[in-house]
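One-letter residues, chain by chain:
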Amino acid sequence: GQQHTCGITNGGVLKCWGFNFAGQIGDGTTVTKVSPTVIDGGTNYAEVSLGATHTCGITVAGDLKCWGANNAAQLGDGSLSNRTSPVDIGGATLYSKVSAGSVNSCAITTGGEL
């Protein structure tokens, strides 16, 4: 991301750290984290992508979740509200890939739809 970082452990645990003014870390706060912090505990992630001030990830079950800044509707949850914790975006749709840009996001479903 622009000023935050995330990684997934071999066991699927998502951890993020860095600047967090818009909730882009995803731990339910807007407090900057100086060390890796577990995000969405109990959920295993297969993929994560970081935008400038937002983050999106796909769980091993194929669920798409996003959080952080949402001033340009980059989270895809139908609002312009920042989210400090992962929000389910796809509903019943399953996803295989996600890419977060500066203030936008795109994802590909398991059926190949963009």
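Provided above is the structure to which this section pertains.
Reference entry: report on the structure contained in this document. (Residues numbered from 1 in each chain as written. Predicted model: local features only at pLDDT ≥ 70, side-chain atom pairs only at ≥ 80, totals over all residues. Heavy atoms only, no water.)

### A closer look at the nonpolar core
By size, the foremost hydrophobic cluster in this structure holds 9 residues: C56, I58, L64, C66, L75, I89, Y95, V98 and A107. Breaking this core down by element, the ones donating at least two residues are β5 (54–59), β6 (64–68) and β8 (95–100). Dropping the residues within four chain positions of it, A107 is found in contact with L64, Y95, K97, V98, E113 and L114. (Core = buried A, V, L, I, M, F, W, Y, C linked by side-chain atoms within 4.5 Å. Buried < 20%, exposed > 50% of the residue type's maximum accessible area, 1.4 Å probe, protein only. Helix = DSSP H or I, 4+ residues; strand = E, 2+ residues; numbered from the N terminus. Contact = heavy atoms within 4.5 Å.)

### What about the state of the cysteines?
Defined simply, a disulfide is a covalent bond joining two cysteines at their sulfur atoms. Under the criterion given, the structure shown has 2 disulfides. Here C6 engages in a disulfide with C16; their sulfurs sit 2.0 Å apart. Measuring handedness by torsion sign, the sulfur bridge of C6 and C16 sits at about 110° and is right-handed. On the criterion of sequence distance, the pair formed by C6 in strand β1 (residues 4–8) and C16 in strand β2 (residues 14–18) is long-range, its members being 10 residues apart. Two residues share a disulfide in this structure: C56 and C66, whose sulfurs sit 2.1 Å from each other. Sign of the S-S torsion, about 110° for the bond between C56 and C66, identifies this disulfide as right-handed. Within this pair, whereas C56 is found in strand β5, its partner C66 is found in strand β6, the two being separated by 10 residues in sequence. Note on C56: relative accessible area 0%, which makes it buried. For the protein, numbering the cysteines in disulfides from first to last along the sequence yields the connectivity 1-2, 3-4. (Disulfide = S-S within 2.5 Å.)

### Digging into the environment of N71
In this fold, N71 is placed in the loop between β6 and β7 (83–88). Under the relative-accessibility criterion, N71 is labelled exposed at 56%. A sequence separation of 54 residues divides N71 from W17, and the C-alpha atoms of the two residues are 21 Å apart. Within the local environment of N71, its side chain forms a polar contact with the side chain of Q74, the two groups lying 3.3 Å apart. (Polar contact = N/O pair within 3.5 Å; in protein donor to acceptor, adjacent residues only side chain to side chain.)

### As for the sheet that holds strand β3 (residues 33–39)
Within the open sheet, the 3 strands sit side by side as β1-β2-β3. Their pairing is antiparallel. Only two strands of the sheet have a single partner each, and these edge strands are β1 and β3. The sheet shows a mean angle of 20° between the axes of neighbouring strands, direction not considered. (Pairing = 2+ DSSP bridges. Axes fitted to C-alpha atoms, helices over the stretch in contact; angles between N-to-C directions.)

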